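Coordinate analysis (summary)
Given next are the chains, with one letter for each unit.
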Amino acid sequence: MKRPKLKKASKRMSCAKRYKIQKKVREHNRKLRKEAKKKGVSKRVKKDPGVPSSAPFKEEVLREAEQRRLQIEEEKQRKRQAKKEERAQKRKKERDDAKNETEPKAKKARQDNSRKQSEKKGGPDKNSKQYLCSELNKVINASDVVMEVLDARDPLGCRCPQLEEAVVQSDGKKKLIFLLSKIDLVPKEKVERWIQCLQREFPVVAFKASTQIQDKTVQAKKSRIVPSNEVLDRSRGAACFGNGCLTELLTRFAANMESEASLRVGVVGFPNVGKSSVINTMKGILACNAGVKRGLTKSMQEVHILKNVKLIDSPGVLASPSNPPASMALRSLQVEEGQETVLEAVKTLLKQCDKNQIMLQYNVPDFRNSLEFLTLFAKKRGYLLKGGVPNTEQSATVFLADWTGAKLSYHSKPQENQSLPAYMSDTVISEMKSGWDLNYLETGNQETLKGVKFPSLASSISFISKGPTAGLLSVNDNAEDKAEAPTTEGEEKQNDENTEPEQTAEETNKPEETEKPQQASFKKKAAHVQFQSVPTDISLSTTTTDDAYDFNTDFKRSLPRKWALFACFPVPRSCVIMFMRKTVNK
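Now for a description of the structure that goes with this document. On a predicted model such as this, the values are computed, not experimentally measured, just so you know.

1. Concerning the pairing of strand β1 (residues 145–151)
- Of all seven residues in β1, seven are buried, a share of seventy percent or more.
- Side chains Val145, Met147, Val149 and Asp151 project from β1 onto one buried face, and the interleaved Val146, Glu148 and Leu150 project onto a second face that is buried too.
- Sheet topology note: the β1/strand β2 (residues 175–181) ladder contains seven bridges and is parallel. Its bridge partner lying in β2, Val146 is registered against Leu176.
- Pairing of β1 with strand β4 (residues 263–268) involves four bridges; the strand directions are parallel. Of the residues in β4, the one forming a bridge with Met147 is Val267.

2. Section: helix α7 (residues 188–198)
- Within the sequence span of α7, burial applies to Lys190, Val191, Trp194, Ile195, Cys197 and Leu198. Buried residues of α7, seen end-on, are gathered within an arc of 160 degrees and therefore sit on one face of the element.
- Buried positions along α7 lie against β1, α5 (155–158), β2, β3 (204–206), β8 (410–412) and α17 (438–451).

3. Digging into the pattern of salt bridges
- Counting across every chain of the model gives 14 salt bridges.
- Among the salt bridges present, the one from Arg153 reaches Asp151, with a minimum N-O distance of 3.0 Å.
- Judged by its relative accessible area of 1%, Asp151 falls in the buried class.
- In this structure, Arg264 and Glu302 form a salt bridge, with 2.8 Å as the shortest nitrogen-oxygen distance. Of the two residues, Arg264 sits in strand β4 while Glu302 sits in strand β5 (residues 301–304), which places them 38 residues apart along the sequence.
- By relative accessible area, which is 37% here, Glu302 ends up partly exposed.
- Here the residues in one salt-bridge network are Asp151, Arg153 and Lys182, joined through shared partners.

4. Details of the packing of aromatic side chains
- Considering all chains together, one arrives at 13 aromatic pairs under this definition.
- The interplanar angle of 80 degrees and the centroid separation of 5.9 Å between the aromatic rings of Tyr362 and Phe373 together place this pair among those described as edge-to-face. Taken together, the residues span a long stretch of sequence, with Tyr362 in helix α13 (residues 355–362) and Phe373 in helix α14 (residues 370–381) at a distance of eleven residues.
- Residue class for Tyr362 comes out buried when judged on its relative accessible area of 7%.
- We classify Phe373 as buried; its relative accessible area is 0%.

5. Re the packing of helix α8 (residues 243–255) against α17
- It is at 9 Å that the axes of α8 and α17 come closest, and there the two elements cross at 170 degrees. Taken together, α8 and α17 sit at an angle that is classed as roughly antiparallel. Along the contact surface, α8 presents Gly244, Cys245, Glu248, Leu249 and Arg252, while α17 presents Tyr440, Leu441, Gly444 and Asn445.
- A breakdown of the residues in the contact of α8 with α17 according to their chemical character gives four nonpolar, three polar and two charged.

Cut-off values and rules
- Residues numbered from 1 in each chain as written.
- Predicted model: local features only at pLDDT ≥ 70, side-chain atom pairs only at ≥ 80, totals over all residues.
- Heavy atoms only, no water.
- Buried < 20%, exposed > 50% of the residue type's maximum accessible area, 1.4 Å probe, protein only.
- Helix = DSSP H or I, 4+ residues; strand = E, 2+ residues; numbered from the N terminus.
- Pairing = 2+ DSSP bridges.
- Arc of directions from axis to C-beta.
- Contact = heavy atoms within 4.5 Å.
- Salt bridge = Lys/Arg side-chain N within 4 Å of Asp/Glu carboxyl O.
- Phe/Tyr/Trp six-rings, centres within 6.5 Å; stacked < 30°, edge-to-face > 60°.
- Axes fitted to C-alpha atoms, helices over the stretch in contact; angles between N-to-C directions.
- Parallel < 35°, antiparallel > 145°, perpendicular 65-115°, else oblique.
- Nonpolar A, V, L, I, M, F, W, Y, C, P; charged D, E, K, R; others polar.

Here is the structure:
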């Protein structure tokens, strides 16, 4: 009987009833076993005894059985994956059908028309080199002032001679200035020397962009009132330096122009030098897409900074394949396009740095090559795969992002006595500097350098620059470089084969490398070499074993002919003494 206060009936019963049920269940199971025994049906599955040890070809039989089991598992996995894909396609089709039913007919018609027009036109591929070069040329032609952004860590490697020559030789009397970005990642004395070196050719503006610009599409949330005693966010990423100097400089230049049109400033440079970040900092909002990934900007974009000043964002300059591997790893998009792996890029970058500084910067022990460094780096950061295997791919991606992004501090040596390029002359330099307020620019750079917090020289990695990086302004230049590329690639492969362990920049100057060709030629001509009976002087420093025997220290007389062979190779002392005793007894 169901009790009134409980929602469910109680399952409690008397013990006599419970025991009676258990007894009937046992009798029923006993009856089933008895009938199965009469029919000869056995419920237990016989255990597989396996292949006996005395059976011939036991290993082959076990191997075939294992292969057969793996094939069955793969087949099951394949069928399971096919069913998953089929279900996913079915769900997607149902969603599309439901969406099409709810959409109005007018919207469907517009989408169909736009799709047909795009198919007829065949829109340009924004990732193609031809499109990127055409967009860059549009920016150069539409600009009154071309501002080339240079990474302060390697300003010489960020310069593109082809771009500078195109601006200098243009008919529209365009101006070219340098903007030295990411100055907070380089020691102060290096930044000052680079500004002095670059000012000999073009005006230079020191700049530190802000990396914490908010998106203009995001609505500002109602924030609580911040008390006066609370510390505001004054981090290094949010701070910006050089913005006022650059804005005032462009404003004064626009005021001196004869035309009433607004000043158009084209911001150009190699990928990930900070072009879009400079524009966002001057605008104060996220007007251009910027990030650590290289090649985000695909087309030109105009941004109004002031009433009479307009900045034009451009895609990065494409690097020519004829450049050195270190320049290609930093300035090109080979990794993003899949032409080069991240491991190869890290390998080339490690060769241009001091190993000790890399060890101190990333807090890893001594390593022999790039693969060992990435393994240690992955273990340090916790980049592990299943089973605790270090994820070298992820560690290489992080290392490359540190070098191309605004995080790692490294510097290159300024070249003060460098000669002017062929397209530069004294008249061109004076013409490029005319119209600018150079005195105000100098004072503005000094104020910028006073406000920035620079890293120390000891905490910065010294980098060997490979000089200016050749760029592509048209696809025809790329075709000419491809014809020269196979020879350089073949030479690089030969160099990689000859040098098995990697060496840093300091180790390349050691005399050990000059001895390698001599050793190789010695091995090739070993069959034609005949040993002479004249003893050779071997010092203890040249022997490779501690137990080597030196004839010159123990014997002053000349050696017999049969003993002269020992003078050419380091031999253990015990072997030499045994051989001498046998010959003396005879």
